[in-house]
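Fold and contact review
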Amino acid sequence: MTDHSEIAQAVAAGRYIMICGPPAAGKSAAALALAEQSGGTVINADSMQVYSDLRVVTARPGPDDEARAPHRLYGIVDGMATLRARGDLQGIDVNIVPSEGRRKQLLIADMDSTVITSESLDDMARLAGIADDILPITTRAMRGELDFEQALDARLALFAGKPASLVDEALAEVEFSGGATTLVRTMRAAGASCYLVSGGFTVITAPVAKQCGFTGTHANHLEIEGGKLLGKVRKPVLDSGAKARYLAHYCAELGIAPAEAACIGDGANDLDMLEAAGFGVAFHGKPLLREKIPLQLNHTDLTGLLYLQGYTADAFISG
């Protein structure tokens, strides 16, 4: 059996907690066993719920470690990769977070494959009959294999002359990820500011943001003329660097540190933003994010980010 003593030492004296979130009823026993095997003691087991149960554990007392930044420790705990791999086999997300300062004052969320279940440009491509040309480029861009702006320009060029009604058709098919509205509305009710920041297009992000209850949204401006798509966006493009800059901008505007912000996304163009935030969360992330981002929701829905912050189900506000 793997020795998780390093985890038990790092998650010391209640300063850090390990959250095991089962994605469906019947997973709670497996989450509990996983927690106990890593040197944890379950607390508040009856009151913490996610998909029927959320298990929060604190490690047995161990030496304090002030040398490590509190909001970064979860990324460097020895044995975490092994523990997460064991959880993955059972469909359980495992994350270690500080016990203090979990409730964040700012949320910045990606849209495509995060707040909504699909890539909106891919949806338009399918409706236009050019999916075979578009989807491979999207996949490589989201994996970080292609420059985001170049990949966006290449895909949009294939839409030149297509009807602008493709946008409305794609909007009509939008499906929200589980917990999207609950995440935003719950954080807003607690006083947080929430922004949808996307490499997609304002014609789609604006109605999505409104329905979810975001404070505001930023995205690229798709150029349309005479009811036709021109096959390009207004420059400069909102890319990975822009997302990180919006995080810095809103932190400054609110007078908070990045440690007090939560960001969530799935693709390579979210990496800079996620690395800069106190809680940067990879949501069903592409391989690059699963390699580089410590906090991950690979099995649960977006309410997982509420549980990471210490919210309980009775505080949730749904749409």
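Before any of the text, the structure's been laid out above.
Structural notes, computed from the coordinates. Please read these numbers as outputs of a predicted model, since none were measured by experiment. One numbering rule holds for all chains: residues counted from 1, following each sequence as written. In keeping with the predicted nature of the model, local features appear solely for residues at pLDDT of at least 70, side-chain atom pairs appear and are counted solely at 80 or more, and the whole-chain, interface and lining totals rest on all residues. Each side-chain value is derived from all of the structure's non-hydrogen atoms; neither hydrogens nor water enter the calculation.

**So, helix H6 (residues 131-142)**
Put simply, the test is: Every helix listed is a DSSP run of H or I at least four residues long, and every strand listed is a run of E at least two residues long, numbered separately from the N terminus. The span one expects for a helix is its residue count, reduced by one, times 1.5 Å. Remark: exposure states derive from per-residue accessible area (1.4 Å probe, protein chains only) relative to the maximum for the residue type, with buried under 20%, exposed over 50%, and partly exposed in between. To obtain the arc, one takes the directions from the helix axis to the C-beta atoms. Only heavy atoms enter the contact rule, under which two residues are in contact if any of them lie within 4.5 Å.
If you check H6, its first and last C-alpha atoms are 16 Å apart, about what 12 residues at 1.5 Å a residue would give, namely 16 Å. Taken residue by residue, H6 has Ala131, Ile134, Ile137, Thr138, Ala141 and Met142 as its buried positions. Looking straight down H6, one finds its buried side chains confined to an arc of 145°; they lie on one side. In this structure, the buried side of H6 is in contact with helix H5 (120-128) and helix H7 (148-157). One or two steps after H6, the chain reaches Gly144, where phi turns positive at roughly 85°.

**Comments concerning the pairing of strand S7 (residues 216-220)**
For clarity, the threshold we go by: DSSP bridges decide pairing: two strands pair if at least two such bridges lie between them. Handedness is read with the strands pointing away from the viewer; a crossover is right-handed when the path from the first strand over the helix to the second is clockwise.
With respect to burial, S7 is a largely interior element, 4 of its 5 residues being buried. For strand S6 (residues 193-201) and S7, the ladder comprises 4 bridges, and the chain directions are parallel. Residue pairing for S7: Tyr195 is matched across the bridge by Gly216. Following the chain from S6 across helix H10 (residues 202-212) to the adjacent parallel S7, one finds a crossover that is right-handed.

**A look at helix H9 (residues 180-189)**
Among the 10 residues that make up H9, 7 are buried, leaving the element largely enclosed by the rest of the structure. When H9 is considered as a whole, its buried residues turn out to be Ala180, Thr181, Thr182, Leu183, Val184, Thr186 and Met187. Residues of H9 that are buried sit in contact with strand S5 (106-109), helix H4 (111-115), S6, H10 and helix H14 (303-308). Just downstream of H9, Gly191 is the residue with a positive phi angle, here 100°.

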